[in-house]
Amino acid sequence: MTAVLATEHLVRRFGGLTATNNVTFSLPAGARHALIGPNGAGKTTFVNLLSGVLAPTSGRVFLGGRDVTTWPAHMRARAGLSRTFQINQLFAEFTPLETIGLALSEAHGEGAQFWRRVGTSRAVVDEAVSTLERLGLGDVMEERVGSLPYGKQRLLEIAIAVAPKPKVLLLDEPAAGVPEGEREQILDIVAALPAEMALVLIEHDMDLVFRFARTISVLVGGALFVEGTASEVARDPRVRQVYLGESEIDHHIEPATGKTA
Amino acid sequence: MTDATATDSRSGTDRAMIYFAERARWRGPEVALWIGAFALAFLFPSRALLFNEVAILALFALSLDLVLGYAGIVSLGHGAFFGLGAYAAGLLAKAGAGAAPLSDPTLGLLFAALVCAAVGYVTSFLVLRGSDLTRLMVTLGVALIFQEIANRMAWLTGGADGLQGVAPANILGMFEFDLYGRNAYLYSLTVLMVLFVFARKIVHSPFGISLRAIKGNSLRAGAIGIPVNRRLNGAYTLGAAYAGVAGALLAQTTAFVSLDVLDFHRSADVMLIVVFGGVGTLYGAVVGAAAFKAMYDVLAAATPQYWEFWLGLVLVLLVLFVRGGVMGLLGAFYARLQRVGGRP
Amino acid sequence: MLTILFDGLAYGMLLFVLAVGLSVTLGLMNFINLAHGAFAMAGGYVAVVMMQRYGLSLFWSLPAAFVLTAAVGALLERTLYVRLYDKTHLEQVLFTIGLTFMAMATVDYFMGASPQIVDVPKALEGNFELGIVSLNKYRIFVIAVCALLTIALQLGLSKTRFGSRLRAAVDDSRVARGLGIDVTAIFALTFAFGSGLAGFGGALGSAIFSIDPQFPLKFMIYFLIVIAVGGTSTITGPFLASILLGVADVAGKYYTPEIGGHRIEIGGFVIYTIMVLVLIFRPQGLFGRAVGK
């Protein structure tokens with residue numbers, strides 16, 4: 001099976017600092033993959049390289065088998081790569097409805113149409129509304145995004161990325177800053193995503209990671225440190241070394257193995 | 001309460017369809033504004049020349065609003081396209097010596113729009129590189145280059161003496177440019193309205209929404225597949241074409257083009273108009289242009305030499321105290337009115 | 001040829017003194033002060049008034065121009081500019097253009113619209129004959145004064161405590177704040193000093209180029225070119241850019257003398273083209289790091 005997303009010897013340097021160090025990585029269709037690592041391991045840089053926000057210093061990125069290394073972000077998005085940002089990147093002056101409508105019209109290749117009023121295609125509007133309702137945003141779809149509560153904004157951040165039905169979805173700490181009570185909702189939404197969509201979760205919260213991921217990569221100092229199934233990674237002594245002091249990982253070993261079995 | 005149950009019975013999609021339609025709906029005051037603008041020609045025929053200037057200025061401001069208010073490109077040299085359009089239409093009319101087909105005003109507008117769109121498209125690649133500050137300098141630099149070229153190519157442009165002998169043929173082959181400027185005003189106003197309606201359509205189209213998205217957050221815009229630079233190229237080109245038509249109107253209705261069309265003041269004035277009227281509102285351009293001309297009439301009549309001072313003062317006060325311009329104030333007032341009215 | 005180089009050098013150094021304040025404040029606060037030329041104009045008119053009305057010598061006018069414009073700069077910075085640092089570039093542009101227009105109209109009101117040029121002091125009249133070339137004495141004076149100023153600035157930036165703080169603040173104002181450096185105070189001082197230098201340059205230049213109410217607009221593009229080409233991170237960048245611009249401008253005038261105006265009109269669309277090209281191929285400036293953020 002060919003990988004939907006892959007990298008070869010990916011390197012990114014900022015001045016003297018190597019943020020991504022020779023990462024070769026591949027993601028099969030339908031993956032439920034988590035990317036973990038201590039602070040400053042270069043997780044977000046890696047996501048930025050994958051999504052085209054940053055250009056690599058060397059190495060290559062493949063999307064659906066095609067070399068997309070030189071492609072700008074919008075072309076990768078059109079080729080089926082979606083992402084959320086660690087810090088919400090929303091259109092504050094839009095409503096959720098406009099936001100998702102826009103994302104869909106771009107995904108359908110209708111974004112350059114200037115002769116037609118937006119919202120005239122019933123199919124697109126229907127798709128936007130059902131996406132919003134599915135993500136618990138149905139009741140606020142006509143409100144200004146900038147004035148929504150943070151939890152709703154976070155859901156919208158996911159909705160934008162999910163709406164175009166991408167082949168690969170990169171979730172950069174989707175639950176960051178979300179209060180404890182609302183985290184479940186985000187996890188449920190992620191769990192309900194179509195099985196054929198390949199998901200990469202970047203997360204600090206080990207609880208979320210082990211409930212979600214079937215496979216895990218550990219990034220340390222910009223390089224891939226350990227890769228494997230969730231239970232392999234959880235048992236790996238080197239990983240435990242890296243996370244020494246972050247004792248959370250310990251009590252996840254048992255439940256995680258139990259789940260994957 | 002009854003209202004709420006009524007909407008609940010509709011599906012979300014129905015509500016959303018209505019929502020989108022409602023956003024782009026023509027509202028009463030808009031229609032009234034345009035009817036009023038046409039009525040002015042008949043109510044105050046003696047001021048038609050002034051109204052004509054307002055209409056041209058409004059179109060010029062509208063063109064900047066597309067670039068600044070929708071695409072978010074800060075330009076210090078938008079006057080370049082106004083001037084280029086004026087020279088393009090002026091030279092074409094002169095070449096036709098007052099007879100159709102070459103001196104046909106409509107053809108002149110088209111010609112100016114095409115020339116400016118072409119130049120705008122090419123320069124958009126220069127402008128879009130880099131930050132706000134780089135854009136300021138590039139737009140200003142391009143405008144200064146244009147001014148230099150017009151100045152040096154005196155054999156073509158008339159240089160400092162201006163372009164003489166611009167004689168457009170009758171409008172649509174029927175209406176003469178009369179001495180009192182009434183036909184000129186009706187002509188400019190019609191062009192303004194047609195282009196305004198078109199701009200309004202664009203603003204509510206997927207293309208227009210994507211421009212606002214880019215202005216709002218270009219990182220996210222790229223991440224949902226919007227080709228940011230290509231859209232901005234398009235918007236800048238459109239703005240250039242609009243400015244060119246405004247310049248062409250000036251050349252045709254005054255039958256003269258002077259180097260002054262490329263002056264820095266034009267670029268600064270039009271920026272003031274857009275900001276005063278309200279950035280990114282379209283109507284701000286029209287309201288701002290009218291207010292600007294009215295202000296000019298009053299202040300320049302009192303102290304013609306020191307108009308510049310008042311202009312500067314307005315700019316400073318505007319930045320310090322008024323956000324969103326006239327349209328912003330009107331919008332806030334309207335929202336308040338609705339809130340008061342909505343409560344039992 | 002040598003004369004062009006020499007005149008260009010004098011002109012370029014003058015430009016540097018006029019523009020350096022803008023470059024530093026821009027790098028420091030990422031603030032676009034299009035009204036910088038108004039300070040230069042103010043300095044020029046200080047010289048004009050002192051010399052023409054009160055018959056004082058240029059040597060007195062220069063420090064006076066510096067002190068007065070620096071004071072005006074400090075006053076405006078504390079009362080008005082300080083309210084604009086967190087606003088958008090568009091608002092900064094509008095505001096400073098507004099100030100420029102007001103300054104231009106005010107000068108027009110008090111001094112009239114006609115261009116003014118002051119007399120060169122007796123001691124500096126005439127030329128030095130140096131074999132085949134003759135060098136204008138006043139220009140030698142300008143070069144010497146500007147060179148001294150540049151050296152003093154460079155030393156001040158690299159050797160003094162204030163200089164190192166300023167450099168830290170320009171480099172990264174957030175980190176500098178974190179280190180307990182009072183960036184606001186540094187900025188206020190730098191702004192005043194930069195305005196003073198512009199005034200000084202205006203006074204110094206008023207004997208070379210005429211000064212009139214349109215001066216701030218005419219020179220705005222020159223300042224922007226200096227910054228565009230030189231960058232904002234060092235003062236060597238703007239210095240080299242100024243010299244380059246000065247020589248190019250004088251040379252441009254020499255080789256294409258047919259220019260619309262009758263004054264020492266700054267024609268040179270060659271240099272506008274150069275600026276645009278530099279911005280396209282090296283947006284961070286020929287000699288510096290990125291302008292703006």
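Residues numbered from 1 in each chain as written. Chains lettered and ligands numbered in written order. Predicted model: local features only at pLDDT ≥ 70, side-chain atom pairs only at ≥ 80, totals over all residues. Heavy atoms only, no water.

For chain C, the helix and strand inventory stands at 11 helices and two strands. The buried share among the 293 residues of chain C stands at 57%. Long-range pairs, those at least 24 residues apart, make up 77% of the contacts in chain C between residues at least 6 apart in sequence. Of the roughly 12100 Å² of accessible surface on chain C, a fraction of 68% belongs to carbon and sulfur atoms. (Helix = DSSP H or I, 4+ residues; strand = E, 2+ residues; numbered from the N terminus. Buried < 20%, exposed > 50% of the residue type's maximum accessible area, 1.4 Å probe, protein only. Contact = heavy atoms within 4.5 Å. Areas by Shrake-Rupley, 256 points an atom, 1.4 Å probe, with all protein chains shown as cover.)

With 45 residues of chain C at the contact, the number on the chain B side is 39 residues. Buried area between chain C and chain B, both sides added, is near 3900 Å², and the carbon and sulfur share of it is 78%. On inspection of chain C and its partner chain B, the count reaches zero salt bridges. Scanning the region where chain C abuts chain B turns up one residue pair in polar contact (both at pLDDT 80 or more). Mapped by element, the contributors of at least two residues to the side of chain C that touches chain B are helix H4 (89-111), helix H9 (215-230) and helix H11 (269-281) of chain C. The dominant element in the side of chain C that touches chain B, judged by the number of residues it contributes, is H4(C), at 16 residues. For the side of chain C that touches chain B, the residue count by class is 29 nonpolar, 10 polar and six charged. (Buried area = accessible area lost by both parts, 1.4 Å probe. Salt bridge = Lys/Arg side-chain N within 4 Å of Asp/Glu carboxyl O. Polar contact = N/O pair within 3.5 Å; in protein donor to acceptor, adjacent residues only side chain to side chain. Nonpolar A, V, L, I, M, F, W, Y, C, P; charged D, E, K, R; others polar.)

With that out of the way, let us pick up the confidence of the model for chain C. Residue and element names in this part refer to chain C. Looking at chain C, the pLDDT average stands at 79 and 86% of residues meet or exceed 70. Under a pLDDT of 50 for its full length, residues 257-266 has, in the predicted model, 21 contacts with residues more than four places off or in other chains. The low-confidence segment residues 289-293 (pLDDT under 50) makes 20 contacts with residues lying over four places distant or belonging to another chain. Our summary of model confidence lists the complex with pTM equal to 0.85 and ipTM equal to 0.85. (pLDDT = per-residue confidence, 0-100.)

Take the sheet that holds strand S3 (residues 32-36) of chain A next. The strands that make up a sheet are held in pairs by hydrogen bonds between backbone atoms, and each pair lies either parallel or antiparallel. Residues and elements named next belong to chain A. Judged by pairing direction, the sheet is mixed, and its six strands sit side by side in the order S6-S7-S8-S3-S9-S10 without closing on themselves. Taken across any chain shown, the strands that pair with only one partner, and hence form the sheet edges, are strand S6 (81-83) and strand S10 (223-229). Across the sheet, the mean angle from the axis of one strand to that of its neighbour is 20 degrees, orientation sign disregarded. The pairing of S3 with strand S8 (residues 198-202) spans four bridges and is parallel. (Pairing = 2+ DSSP bridges. Axes fitted to C-alpha atoms, helices over the stretch in contact; angles between N-to-C directions.)

Turning our eyes to something else, we now look at the interface of chain A and chain B. Accessible area lost upon the coming together of the parts is a frequently used measure of interface size. Taken residue by residue, the interface counts 40 residues in chain A and 35 residues in chain B. Both sides of the chain A and chain B interface together cover about 3400 Å² of buried area, and 63% of this is carbon and sulfur. Three residues stand out in chain A for area buried against chain B, namely A:Phe91, A:Phe114 and A:Arg117, and they jointly supply 16% of the buried area on that side. Here chain A and chain B share five salt bridges between them.

Right, let's get into the pattern of salt bridges. Per the stated rule, a full pass over the model turns up 25 salt bridges over all chains. The residue A:Asp236 makes a salt bridge to A:Arg238 at a minimum N-O spacing of 3.1 Å. For C:Asp7, the salt bridge is made with C:Arg139, and the minimal N-O distance between the two is 3.6 Å. Placement of the pair is C:Asp7 in helix H1 (residues 2-29) and C:Arg139 in helix H5 (residues 137-159), with a sequence separation of 132 residues. We classify C:Asp7 as partly exposed; its relative accessible area is 22%. Linked by salt bridges that have partners in common, A:Glu8, A:Arg60 and A:Asp67 make up one network.

A separate point is a nonpolar patch on the surface. A grouping of B:Trp26, B:Val31, B:Ile35 and B:Val197 is seen on the molecular surface, where their side chains present a nonpolar patch of about 340 Å² in accessible area. Here B:Val197 shows up in helix H9 (residues 182-203). (Patch = residues over 30% accessible without salt bridge, like charges linked within 9 Å, V, L, I, M, F, W, Y side chains within 5 Å.)

Another aspect to go through is the sheet that holds strand S5 (residues 66-67) of chain A. All names here are of chain A. In space, the four strands of this open sheet follow the order S2-S1-S4-S5, with antiparallel pairing throughout. Each edge of the sheet is formed by a strand with only one pairing partner; in this case those strands are strand S2 (17-28) and S5. With five bridges joining them, strand S1 (residues 3-14) and strand S4 (residues 58-63) adopt antiparallel strand pairing. Counterpart to Leu5 in the pairing with S4 is Leu63.

Now for the confidence of the model for chain A. Interpreting fine coordinate detail is not advised for predicted regions of low pLDDT. Mean pLDDT for chain A: 85, with 93% of residues reaching 70 or above. Below a pLDDT of 50 lies the segment residues 253-261 of chain A, which in the model reaches eight contacts outside its immediate sequence neighbourhood of four places, other chains included.

Turning our attention to the environment of C:Val107. Residue and element names in this part refer to chain C. Along the chain, the position of Val107 falls in helix H4. A C-alpha to C-alpha distance of 8.9 Å links Val107 and Met41, two positions 66 residues apart in sequence. With near-sequence residues (within four places) excluded, Val107 lies in contact with Met41, Tyr45, Gly112 and Pro213.

A few words on the arrangement of the chains. Counting contacts across all two pairs of chains found in contact, the highest total belongs to chains A and B. With no contact formed, the shortest span from any C-alpha in chain A to any C-alpha in chain C equals 14 Å.

What follows is about the nonpolar core. In terms of nonpolar packing, the biggest core is built from 274 residues, with A:Ile216, B:Leu59, C:Tyr138 and C:Leu204 touching the most fellow members. Residue contributions to this core peak at 17 residues, all from H1(C). Here C:Tyr138 is in contact with C:Leu58, C:Val120, C:Pro121, C:Leu124, C:Leu204, C:Ala207 and C:Ile208, once residues within four sequence places are set aside. Membership of the second largest hydrophobic core comes to 26 residues, among which are A:Leu27, A:Val47, A:Leu54 and A:Val168. (Core = buried A, V, L, I, M, F, W, Y, C linked by side-chain atoms within 4.5 Å.)

Our focus in this paragraph is the packing of aromatic side chains. For the structure on display, the rule yields 29 aromatic pairs over all chains. Geometrically, the ring pair formed by C:Phe219 and C:Phe223 is tilted, given 6.2 Å between the ring centres and 45 degrees between the ring planes. With a gap of four residues between them, C:Phe219 and C:Phe223 both fall in helix H9, about one helical turn apart. Across the pair, exposure class does not vary: C:Phe219 and C:Phe223 are buried alike. Lying across the ring of A:Phe225, A:Arg238 places its NZ or CZ 5.9 Å from the centre. One residue, B:Arg200, lies across the ring of B:Trp26, its end atom 4.0 Å from the ring centre. (Phe/Tyr/Trp six-rings, centres within 6.5 Å; stacked < 30°, edge-to-face > 60°. Lys NZ or Arg CZ within 6 Å of the ring centre and 35° of its normal.)

A separate point is the side chain of A:Thr7. Residues and elements named next belong to chain A. Relative to the assigned elements, Thr7 resides in strand S1. Assessed through its relative accessible area of 2%, Thr7 is described here as buried. A polar atom in the side chain of Thr7 sits 3.0 Å from the backbone oxygen of Val23. When near neighbours in sequence (up to four residues on either side) are disregarded, Thr7 contacts Val23, Thr24, Phe25, Phe46, Leu50, Arg60 and Val61.

Further remarks concern the pairing of S1(A). Bridge analysis of S1(A) against S2(A) gives eight bridges, and the strand direction is antiparallel. Counted as the bridge partner of A:Ala3 is A:Pro28 from S2(A).

For A:Lys165, which is not a glycine, the phi torsion comes out positive at approximately 50 degrees. Residue classification places A:Lys165 among the exposed residues on the basis of a relative accessible area of 57%. Positive phi outside glycine occurs at B:Leu282, with the angle close to 65 degrees. Take B:Leu282: it is sitting in the loop between helix H13 (264-277) and helix H14 (283-302). Since its relative accessible area comes to 3%, B:Leu282 is described here as buried.

With that settled, consider H1(C). All names here are of chain C. With 28 residues, H1 ought to run about 40 Å at 1.5 Å a step, and its terminal C-alpha atoms sit 40 Å apart, in line with that. At Ala19, H1 is bent by approximately 45 degrees, the largest bend along its length. Counting buried positions along H1 yields 23 of 28 residues, so the element is predominantly enclosed. Downstream of H1 by one or two residues, Asn30 has phi in the positive range, about 55 degrees. (Expected span 1.5 Å × (residues − 1). Bend = angle between axes of the 7 residues up to and from the residue.)

The next point concerns the packing of helix H7 (residues 132-152) of chain B against H9(C). As a packed pair, H7(B) and H9(C) sit with axes 11 Å apart at the nearest point and diverge in direction by 130 degrees. Here H7(B) is positioned oblique relative to H9(C), judged by the angle of their axes. Crossing of H7(B) over H9(C) shows left-handed handedness. Touching B:Met137, B:Leu140, B:Gly141 and B:Leu144 of H7(B) are C:Met220, C:Ile221, C:Leu224 and C:Ala228, all from H9(C). Classifying every residue of the contact of H7(B) with H9(C) gives seven nonpolar, one polar and no charged. (Parallel < 35°, antiparallel > 145°, perpendicular 65-115°, else oblique. Left-handed = near helix turned anticlockwise from the far one by under 90°.)

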